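Listed here are the chains, written in short residue letters.
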Amino acid sequence: MSDQTKYEGPKRVFSGIQPSGDMHLGNYLGAIKKFVDLQEDNECLYCIVDLHAITVWQDPKLLPEQTRHIAAAYLASGVDPSKAIVYNQSAVRAHTELAWYFNCVARVGWLNRMTQFKDKAGKNSEKMSVGLYDYPVLQAADILAFKATHVPVGEDQKQHLELSRDIAAKFNHDFNVPHFFPSPEPMIKGPGARVMSLRDGTAKMSKSDPSDNSRINLTDDADKIAKKIRKAKTDAGVIPESLKELEERPEVANLVSIYAALSGMTDEQVLTQYSGQGFGVFKPALADLTVEKMSPITDLMNRYLSDPEELNRILAKAADKAAEIADPIVSDVRKIIGFCGA
Ligand code: AQP
């Protein structure tokens, strides 16, 4: 494979979130919070990946609203459309076109190793859409259609990012264009990279978890947040003194990490502050902190959502800007592959 370290294009950040349901605290801490920090010093594209969402059934009547919901969450969290390009994936054709070319580069064996497909499909893999299986190839196309060099994501996306790097390297190698595509770097580290379910500390917080009590949604009001945290699974113990003591207590470790990510403290600092306290003290403190941090975002989101036309306008304008970057790249890909007339 070619040496990917010599890519000399500009630094560019790309990431996306599916409009497949309510945004939750995991999406916020694992992804959006990082988006806001990165937009200050980087060229950033933040996509609402509706093509990914339809890999499982989406009601066509609800999809536009769900898409605006993610747009509103981005903006309310501080993503600024004058600094970052915020658009929906289906509005930019380069994604699907490049995904097809990458389907012919990626190997079946690579996709067979993707654990997220196995987790989502469970025992029903034969009945899943081909799109769900092929999802990581489309994700590689999302990133590389812009020659993005950096991808802020949660921990769950690590394996998909490795696949994007493999596809980039194989394309560069097969067509003898050593540094055409960069090797995109995942940006995973940091607090909130893996927020777990409030009901099961070994499963990630997810939009598609059937239990609403498993997650804090960005639309939850103060009462709902407090109730969900009160009901969160814990144990009969107290907050321990050391991280080592959290190893066998995934639910408690998760609540401590959420507190740390929201407060800007480290997990250790949270333990120092609360060690020896029971959950009767810690849970209300966590609920208050979550409400304090999330309520302004929820309020602002609702304000954005009250003007759907304005959100549509922001998305459409940004889609034009995104296409301006991606179209010449995909046009070069056509020439590299050798299509007649390209
Ligand atoms: N629990 C999580 N902790 C930290 N980061 C998370 N992300 C998702 N869940 C967590 C990050 O959010 C971004 C967008 O994810 P997505 O909605 O596009 O897809 P997903 O990872 O499949 O998220 P869900 O909630 O699990 O959606 P469903 O249930 O629809 O599949 C990504 O950067 C992801 O890492």
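Structure's up top.
Conventions we followed
- Residues numbered from 1 in each chain as written.
- Predicted model: local features only at pLDDT ≥ 70, side-chain atom pairs only at ≥ 80, totals over all residues.
- Heavy atoms only, no water.
- Salt bridge = Lys/Arg side-chain N within 4 Å of Asp/Glu carboxyl O.
- Helix = DSSP H or I, 4+ residues; strand = E, 2+ residues; numbered from the N terminus.
- Buried < 20%, exposed > 50% of the residue type's maximum accessible area, 1.4 Å probe, protein only.
- Phe/Tyr/Trp six-rings, centres within 6.5 Å; stacked < 30°, edge-to-face > 60°.

**Some words on the pattern of salt bridges**
- With the rule as written, the count across this model stands at 14 salt bridges.
- Ionic pairing is found between R12 and E43, a salt bridge with its closest N-O pair at 3.0 Å. A residue pair is termed long-range when its members are at least 10 positions apart, and R12 in strand β1 (residues 12-17) and E43 in strand β2 (residues 43-48) qualify at 31 residues.
- Its relative accessible area of 11% is what places R12 among the buried residues.
- Exposure remark for E43: the relative accessible area of 31% places this residue in the partly exposed category.
- Notably, a salt bridge pairs K204 with D156, separated by 2.7 Å at the nearest N-O pair. Of this pair, K204 sits in the loop between β5 (185-187) and α9 (222-231) while D156 sits in the loop between β4 (150-152) and α8 (158-174), and the two are 48 residues apart along the sequence.
- On the basis of relative accessible area, K204 is assigned to the partly exposed category, the value being 31%.
- Residue classification places D156 among the partly exposed residues on the basis of a relative accessible area of 26%.
- When salt bridges that share partners are traced, they join D212, R215, D220 and K228 into one network.

**Thoughts on the packing of aromatic side chains**
- If you walk through the whole model with that rule in mind, you get 16 aromatic pairs.
- Ring centres of F102 and F181 lie 5.5 Å apart, and the angle between their planes is 75°; this geometry places the pair in the edge-to-face category. With F102 in helix α4 (residues 94-103) and F181 in the loop between α8 and β5, this residue pair connects regions lying 79 residues apart in the sequence. Just as F102 is buried, F181 falls in that class too.
- With centroids separated by 5.3 Å and ring planes inclined at 80°, the aromatic side chains of F117 and Y133 adopt a geometry described as edge-to-face.

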